[in-house]
Amino acid sequence: MSVDEPLSASCAPVHAPMAQFGRRDGELLVGGEPLSRLAVRAGQTPFYAYDRGLLRERVATLRTALPAAIKLHFAMKANPLPALVGFMAGLVDGIDVASSGELRVALDAGADPHEISFAGPGKREAELRQAVASRVLVNVESMREVRLLEGIASELGLPARVAVRVNPDFELKGSGVKMSGGPKPFGIDAEQVPGVLDQIERSGLAFEGFHLFAGSQNLRADAIVEAQQKSFDLALRLAVSAPAPVRFLNLGGGFGIPYFPGEQALDLAPIGANLDRLVARAKTELPHASLVIELGRYLVGEAGIYVTRIVDRKVSRGQVFLVTDGGLNHHLAASGNFGQVFRKNHPVTISKRAAATQTEIASVVGPLCTPLDLLADRMALPVAEVGDLVVVFQSGAYGASASPQAFLGHPHCIEILV
Ligand SMILES: *Cc1c(COP(=O)(O)O)cnc(C)c1O
């Protein structure tokens, strides 16, 4: 809905139902456990809780909707909690990392190094050395990386496994975050790739394929289908200049989840149908290639909640403020300060021990002394008191690790896997 359409209470867009978590009386259940008991188990608020059952279910849903030949990778930038990465490593086919720290967590988690790929602009020399020594695949993003890898491979006496990360000449339409098309710091412009492939051959690097990532947080299946189609076609054109057969074609991801009123879950069916066609084409056109989809938030985002406790309830000139013990310091995205242009509410609720009978319009704010610390702006919520728990849904991705925990010196949150 555009901003100039009149809003009436009856037609106002609403949040998608957060039906993934069960409820008993008024209380949310996470992994079958009532939230108030989980808070005791966690030992403190605020905390993030991630539900293993929901993570498993999500992977199973994807396996059903997408062709069996598609490899599923977890982009651990979305949630680098070591216990969660370890759990995901047992469910998916590979892990995508974007720093030496993430690489360490993925290796510790027991992920197969052959199925770890390492992307990111500005890889330091030490990181490239670490990647070669670990025998993971490096998605090279510049000529400099190719030259450094040549030296590192000969110094270590190990092959440098590389794929070329391509900055395509198109973008992922309707994406929350655009990461390709036009001038970008990510990857190598498609028109420069043949020259880089030539250098890879002369440097004796082990070429394995291409990585294309067009964008993130997309809820339009048609846009994702189009980007995957174009990525495949571009990879086919570039493969002509490759020094070795393509073994690995990462078509990106960008699958979004509904955060805001009016947004709906992504329809996987057209994406699966399109990937069926691409798998069939790959059999003849790129016969050595595995096709990979890399997903972050779609895998983990809906399986996690952020939980914070109400420490004060205030009324200011008629407006109710519920003041909690955590806010943007733990959950920057829910405060609207992680890439949002116009602030909109994430799905938020109050979890009470007894079924709530009344609702009211209230704002939820954190304890930070800044107006940016807002978790819910004038939402209809069950009437809440001091001690009740506030739940922010869709919080399994880009939560704790993407938030400025040191800002204002409040206690850090904790994270639990249930
Ligand atoms: C951030 C990122 C991802 C994950 O994006 P999601 O929106 O969490 O799925 C995947 N691949 C690359 C290269 C990224 O930079």
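Residues numbered from 1 in each chain as written. Predicted model: local features only at pLDDT ≥ 70, side-chain atom pairs only at ≥ 80, totals over all residues. Heavy atoms only, no water.

S.K.: A description of the site of the ligand should follow, citing residues and the corresponding values.
M.R.: Around the ligand, the structure places 13 residues, and the nearest of them are Lys77, Ser216, Gly296, Arg297 and Tyr398. Separating an oxygen atom of the ligand from a side-chain N or O atom of Ser216 is a distance of 2.3 Å. Residue Tyr398 places a side-chain N or O atom 2.5 Å away from an oxygen atom belonging to the ligand. Expressed as a share of its isolated accessible area of 390 Å², the protein-covered part of the ligand is 92%. Among the residues making up the shell around the ligand, the classes are represented as five nonpolar, four polar and four charged. (Near = heavy atom within 4 Å. Polar contact = N/O pair within 3.5 Å; in protein donor to acceptor, adjacent residues only side chain to side chain. Areas by Shrake-Rupley, 256 points an atom, 1.4 Å probe, with all protein chains shown as cover. Nonpolar A, V, L, I, M, F, W, Y, C, P; charged D, E, K, R; others polar.)

S.K.: Give a detailed account of the environment of Arg144, specifying residues and quantitative values.
M.R.: Of note, Arg144 is situated in helix H6 (residues 143-156). Of the residues examined, Arg144 reaches a relative accessible area of 38% and is grouped as partly exposed. Through-space distance from the C-alpha of Arg144 to that of Glu125 is 9.9 Å; in sequence the pair is 19 residues apart. With sequence-adjacent residues up to four places away left out, Arg144 is seen in contact with Lys123, Arg124 and Glu125. (Helix = DSSP H or I, 4+ residues; strand = E, 2+ residues; numbered from the N terminus. Buried < 20%, exposed > 50% of the residue type's maximum accessible area, 1.4 Å probe, protein only. Contact = heavy atoms within 4.5 Å.)

S.K.: Can you break down the domain arrangement of the chain residue by residue, with the values?
M.R.: Partitioning the chain into structural domains gives domain 1 (23-50 + 302-417) and domain 2 (80-295). The C-alpha-based centres of domain 1 and domain 2 are spaced at 35 Å. Across the boundary between the two partners, domain 1 contributes 11 residues, which contact 10 residues of domain 2. Inspection of the region where domain 1 meets domain 2 yields zero salt bridges. (Domains from an automatic or database assignment. Salt bridge = Lys/Arg side-chain N within 4 Å of Asp/Glu carboxyl O.)

S.K.: Quick one: what's the story with the layout of surface pockets, residue by residue and with numbers?
M.R.: Space inside the second largest pocket adds up to approximately 350 Å³. Considering the residues around the second largest pocket, the lining is formed by 18 residues, among which Pro17, Gln20, Arg58, Ala265 and Glu302 are closest to the centre. Those elements that place two or more of their residues in the lining of the second largest pocket are helix H2 (52-65) and helix H10 (297-300). Of all the elements, H2 adds the most residues to the lining of the second largest pocket, at four residues. When its residues are assigned to classes, the lining of the second largest pocket shows 12 nonpolar, three polar and three charged. (1 Å grid on protein atoms, 1.4 Å probe; cavity = no way out; pocket = protein on both sides within 12 Å on 5 of 7 lines; lining within 4 Å. Points joined across faces, edges and corners; volume = space filled by probe spheres on them.)

S.K.: Describe the confidence of the model for the chain, listing the residues and the values that go with them.
M.R.: Summarising the model, the chain shows a mean pLDDT of 94, and 97% of its residues fall at 70 or more. The low-confidence segment residues 1-9, where pLDDT is below 50, has six contacts with residues more than four positions distant or belonging to other chains. (pLDDT = per-residue confidence, 0-100.)

S.K.: Help me get a handle on unusual backbone geometry, residues and values and all.
M.R.: Following Thr45, the chain continues into Pro46 via a peptide bond in cis, with omega recorded as -5°. Along the chain, Pro46 turns up in the loop between helix H1 (35-42) and strand S4 (47-50). In this structure, Gln394 is a non-glycine residue whose phi angle is positive, near 55°. Tracing the backbone through its elements, the reader meets Gln394 in the loop between strand S21 (389-392) and strand S22 (414-417). Residue Tyr398 is not a glycine yet carries a positive backbone phi of 55°. Take Tyr398: it is sitting in the loop between S21 and S22.

S.K.: Can you tell me about the nonpolar core, naming the residues and giving the values?
M.R.: Phe74 and Phe210 are the most contacted members of the largest nonpolar core, which totals 129 residues. No other element matches the 10 residues that helix H8 (residues 221-239) contributes to this core. Each of two domains, domain 1 (23-50 + 302-417) and domain 2 (80-295), supplies a minimum of three residues to this core. Every residue in contact with Phe210, bar those within four places of it in the chain, is listed here: Ala163, Val164, Val166, Val193, Leu197, Ala235, Leu238, Ala239, Val246, Phe248, Leu249 and Asn250. (Core = buried A, V, L, I, M, F, W, Y, C linked by side-chain atoms within 4.5 Å.)

S.K.: Tell me about the side chain of Asp96, and name the residues and values.
M.R.: Mapped onto the elements, Asp96 comes out in strand S6 (residues 94-97). Buried and without a salt bridge, Asp96 has Arg165 as its closest oppositely charged side chain, separated by 9.7 Å. Of note is the side chain of Asp96, whose polar atom sits 2.4 Å from the side chain of Ser117. When near neighbours in sequence (up to four residues on either side) are disregarded, Asp96 contacts His73, Phe74, Ala75, Met76, Glu102, Ser117, Asn250 and Glu294. (Lys, Arg positive; Asp, Glu negative; His and termini not counted.)

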